Amino acid sequence: MMTVGELAKKLKVSPSTIRKWTAIGRISAITTDGGHRRYIYEDVLTALDMENPELPKKCLIYINIKNLKENTKYLDMANFYVKSNGWEIVKTICDYTGKLDIINDLFEQVLSLIITDKVNRVIMPAKSLLGMRGKQKTIEIICKIKRVKIIYLENELEHSSNDDIEEINEIRKEILADAGRE
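Summarised in this report is the structure supplied together with it.

Conventions and cut-offs
- Residues numbered from 1 in each chain as written.
- Predicted model: local features only at pLDDT ≥ 70, side-chain atom pairs only at ≥ 80, totals over all residues.
- Heavy atoms only, no water.
- Buried < 20%, exposed > 50% of the residue type's maximum accessible area, 1.4 Å probe, protein only.
- Helix = DSSP H or I, 4+ residues; strand = E, 2+ residues; numbered from the N terminus.
- Pairing = 2+ DSSP bridges.
- Core = buried A, V, L, I, M, F, W, Y, C linked by side-chain atoms within 4.5 Å.
- Contact = heavy atoms within 4.5 Å.

## Concerning the pairing of strand 5 (residues 121–124)
- Here strand 5 shows a buried face lined by Arg-121 and Ile-123 and a second buried face lined by Val-122 and Met-124.
- Note: strand 3 (residues 58–63) against strand 5, three bridges, orientation parallel. What sits directly across from Leu-60, in strand 5, is Val-122.
- Pairing of strand 5 with strand 6 (residues 149–152), which is carried by four bridges, proceeds in the parallel orientation. By the bridge assignment, Val-122 is partnered in strand 6 with Ile-150.

Next comes the structure, spelled out in structure tokens:
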């Protein structure tokens, strides 16, 4: 448990902000026998919809596009994005069926990794490509419940610099050369 001052320092806010959040019910405190407030860090992060910056970023890359060329493009971008952020890839799942509403073993693996807390990031191509049907909606709901962050590549890479895009293309060329497809 943390004091007001310890929590404020950890969250990089003032102690008065912590007291105000407690007073308005945004976060909850435990009161000691001596009348002092104590906070459970994970509970505060949950209440503020924040993630613990000390936890390692463990990622699942899930690509579900029927077109093999598009799958390869998004897989390259996902690998670059994860690598450039210094995160760990727990598993990469490419579902070449492209069928968003059909449950299969690959989709069950995706859900299992999220539900069992093996990942705290799910990297997918783009919301617009996946839509809000079956699998997509299921992933979003479970990620919200489990506090797993969904990252849509198209959204993230829209803000990338030309240098990043050039590096993606270089990585892609290396991968294709290694596979003998260039």
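More follows now that the structure is in view.
## Section: unusual backbone geometry
- Here Lys-12, not a glycine, exhibits a phi torsion of approximately 60 degrees, which is positive.
- Checked against the element boundaries, Lys-12 lands in the loop between helix 1 (4–11) and helix 2 (15–23).
- What makes Lys-12 exposed here is its relative accessible area of 76%.
- The backbone phi angle of Asp-117 is positive, close to 60 degrees, even though this residue is not glycine.
- Residue classification places Asp-117 among the exposed residues on the basis of a relative accessible area of 52%.

## Focus: the nonpolar core
- In this structure, Ile-114 and Ile-139 are the most contacted members of the largest nonpolar core, which totals 17 residues.
- At the level of elements, strand 3, helix 5 (105–115), strand 5, helix 7 (134–146) and strand 6 are the ones that each hand at least two residues to this core.
- Per-element tally for this core: the top contributor is helix 5, with five residues.
- Every residue in contact with Ile-114, bar those within four places of it in the chain, is listed here: Val-119, Val-122, Ile-139, Ile-142, Cys-143, Lys-146 and Val-148.
- Counting 14 residues, the second largest nonpolar core, distinct from the first, contains Cys-59, Ile-63, Tyr-74 and Leu-153.

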